[in-house]
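Structural overview for review
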Amino acid sequence: MSTAIWWIRRDLRLADNQALAAALSSADEVVPVFVLDPALLGSGYVADKRLGFLFAGLRVLDADLRRLGGRLLVRRGNPAAVLAALRHEVDAGPIYAEADVSPYAQRRDAAVARVAPLSLVEGLTVHSPDAVLRESGDPYVVYTPYSRAWRALPMPDRAELLSAPGAISVPQGISGEAIPEMPSQTDLGGFPAGEAEAQQRLARFAGSGVYAYREDRERMDLDGTSRLSPYLRLGMVSARQAAVAALEALGAAETHAGRAGAQTWLDELIWREFYISILYHFPEVRHQSFREAYRELHWENDPALFCAWQEGKTGYPIVDAAMRQLSVTGWMHNRARMIVASFLTKDLLIDWRWGERHFMQHLIDGDPAANNGGWQWSAGTGTDAAPYFRIFNPVLQGEKYDPDGVYVRRWVPELSGVATRLIHKPWIMTPEAQRQAGCVIGSDYPAPIVDHTIARNRTLAAYKRAKGRRATDSDFRDR
């Protein structure tokens, strides 16, 4: 009887799992294994909530496998050593796994391939990074032409999505260890783990919410996003399933606004694949700015200001609300991510890598490609980046995307009594108004740690020195 190994990494699902399908088609029995890799678990980049979400997802996957007659095997150690030993133990043939793109993943997989036959299968993206290239064979470094090339490739339809297997036969007598427990597992910020939950969210959003997505997605006070990012991060739903749902919603849209919503969500899925492609082709972006001109930019890196940002005590309500949401839930609205990233890099002049690391230490959906791409976009140092002179005004951003202060009041309760017209700039309240609102600035809530106008001018000067160019009138826009 032949045996194959399904090495699970970022594909905690049974449906539309190309690695699992390849393993099942090649052998009579399959060993589903997850390796607890100390190099990743101890990297300092792993958020407790993301680990809790992972471990909860593994429990659900194990239960799903048991219903099919199989089970999940969990082992700990260096993947190359663990998998080589397991293959010998069960007399297995190939090891099948979904290809990953991070620098560490590629080094790890190369090490495994040196000691065992490793077959890497697509599935992380709809189109692999090697499939979306310019005519010259070079990778795209700007989103718009990348997205055109991505769309020009054949797209899957629902008939091409792989069904979950009806049964899985796993060799008997193989020992493993228990899936680890984590205290934070009981509080995953409103993200129950598992493939069934992911599919329900996808169906619910694609069936209705997607049609208002373009209008509502920027509003932090509304539930206007899919909240699928943690499930895509760990493959509880596949990229192909999400893309098919987006395309079906686009085809079913009955209004211009509905079509715009579905199209905008598909664009976001393409952005995810663009950043994966960037990381794959330019792994150095994990450690340095993509734009060479900004690699020597002089960051001020004030530890006290960084600590205030981390703790949500900057004195700018929209920034503080977002940072507190992250701390409590492990998730943050995408518009909020851009605002706090702009504030850290442009108002505080703190290295984007400090913020990138903090996000990876807290985000339940922390993904090295998307997180890096987002931070370098905000800092103006990346590929398809915001111009360095685009500096978000935290007051204007709050007034535009949380107009009634609902988001701020939820996460910064000390401001709950402040009038809506002042909620995003409470420091301008008179002393009497502060007492009436029950929020004395400097006591109940901090005064702004920087003056936005002064900080903005300082940052413009620092970026101009790094870039070596004169400013134009367009450099002085405030958003």
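Please refer to the structure higher up on the page.
Rules used throughout
- Residues numbered from 1 in each chain as written.
- Predicted model: local features only at pLDDT ≥ 70, side-chain atom pairs only at ≥ 80, totals over all residues.
- Heavy atoms only, no water.
- Pairing = 2+ DSSP bridges.
- Helix = DSSP H or I, 4+ residues; strand = E, 2+ residues; numbered from the N terminus.
- Axes fitted to C-alpha atoms, helices over the stretch in contact; angles between N-to-C directions.
- Contact = heavy atoms within 4.5 Å.
- Phe/Tyr/Trp six-rings, centres within 6.5 Å; stacked < 30°, edge-to-face > 60°.
- Buried < 20%, exposed > 50% of the residue type's maximum accessible area, 1.4 Å probe, protein only.
- Lys NZ or Arg CZ within 6 Å of the ring centre and 35° of its normal.
- 1 Å grid on protein atoms, 1.4 Å probe; cavity = no way out; pocket = protein on both sides within 12 Å on 5 of 7 lines; lining within 4 Å.
- Points joined across faces, edges and corners; volume = space filled by probe spheres on them.
- Nonpolar A, V, L, I, M, F, W, Y, C, P; charged D, E, K, R; others polar.
- Parallel < 35°, antiparallel > 145°, perpendicular 65-115°, else oblique.
- Left-handed = near helix turned anticlockwise from the far one by under 90°.

Let us now look at the sheet that holds strand 4 (residues 95-98). Strand order in the open sheet formed by 5 strands is 3-2-1-4-5, with parallel pairing between adjacent strands. Each having just a single partner strand, strand 3 (73-76) and strand 5 (118-121) make up the two edges of the open sheet. Sheet twist, expressed as the average angle between the axes of neighbouring strands with direction ignored, equals 30°. Pairing of strand 4 with strand 5 involves 4 bridges; the strand directions are parallel. Within the sheet, the bridge partner assigned to Glu 98 lies in strand 5 and is Val 121. Its contacts with the sheet put helix 1 (residues 18-26) on strand 1 (3-8), strand 2 (29-36), strand 4 and strand 5, and the angle it makes with strand 4 is roughly 160°. Along the sheet face, helix 3 (residues 48-67) touches strand 1 and strand 2 and points at about 165° away from the line of strand 2.

Counted under the stated rule, the structure contains 22 aromatic pairs. Ring geometry for Trp 309 and Phe 359: centres 6.4 Å apart, planes at 10°, overall stacked. Here the residue Trp 309 occupies a position in helix 12 (residues 303-311), and Phe 359 occupies one in helix 15 (residues 352-360), the gap between them amounting to 50 residues. Comparing Trp 309 with Phe 359 shows no difference in burial state: the two are buried. By the ring-pair criterion, three or more aromatic residues cluster together here, those being Tyr 140, Tyr 143, Tyr 146, Trp 271, Phe 274 and Tyr 275. The side chain of Arg 9 reaches across the aromatic face of Trp 7, ending 4.3 Å from its centre. The ring of Tyr 463 has Lys 346 lying over it, and the distance from NZ or CZ to the ring centre is 5.6 Å.

Another aspect to go through is the layout of surface pockets. As a volume, the largest pocket reaches approximately 1,300 Å³. If you go around the largest pocket, you meet 42 residues; those closest to its centre are Glu 268, Trp 271, Tyr 275, Asn 334 and Arg 337. Where the lining of the largest pocket is concerned, the elements lending two or more residues are helix 9 (229-233), helix 11 (256-281), helix 14 (334-347), helix 16 (368-379) and helix 17 (394-401). Along the lines of polarity and charge, the residues of the lining of the largest pocket split into 19 nonpolar, 10 polar and 13 charged. Approximately 840 Å³ is the volume found for the second largest pocket. The wall of the second largest pocket is formed by 31 residues, among which Leu 40, Val 46, Ser 102, Tyr 104 and Arg 233 lie closest to the centre. Tallying contributions element by element places helix 5 (residues 103-113) first for the lining of the second largest pocket, with 5 residues. Its residues assigned to classes, the lining of the second largest pocket shows 19 nonpolar, 3 polar and 9 charged.

Here the focus is empty space enclosed by the protein. For the structure shown, the criterion picks out 5 cavities of 30 Å³ or more. One number sums up the size of the largest cavity: a volume of about 110 Å³. Tyr 275, Ile 278, Asn 372, Gly 373 and Thr 383 are the residues nearest the centre of the largest cavity, which is lined by 15 residues in total. Going through the elements one at a time, helix 11 and helix 16 are the ones with two or more residues in the lining of the largest cavity. At 6 residues, the largest contribution of residues to the lining of the largest cavity is made by helix 16. Of the residues belonging to the lining of the largest cavity, the class tally is 9 nonpolar, 5 polar and 1 charged.

What follows deals with the packing of helix 13 (residues 317-329) against helix 14. Between helix 13 and helix 14, the shortest axis-to-axis distance is 9 Å and the interhelical angle comes to 115°. One element, helix 13, and the other, helix 14, form an angle in the roughly perpendicular class. Helix-helix and strand crossings are classified by hand; for helix 13 and helix 14 the assignment is left-handed. Touching Ile 318, Val 319, Ala 322 and Met 323 of helix 13 are Ala 336, Ile 339, Val 340 and Phe 343, all from helix 14. In the contact of helix 13 with helix 14, the residues fall into 8 nonpolar, no polar and no charged.

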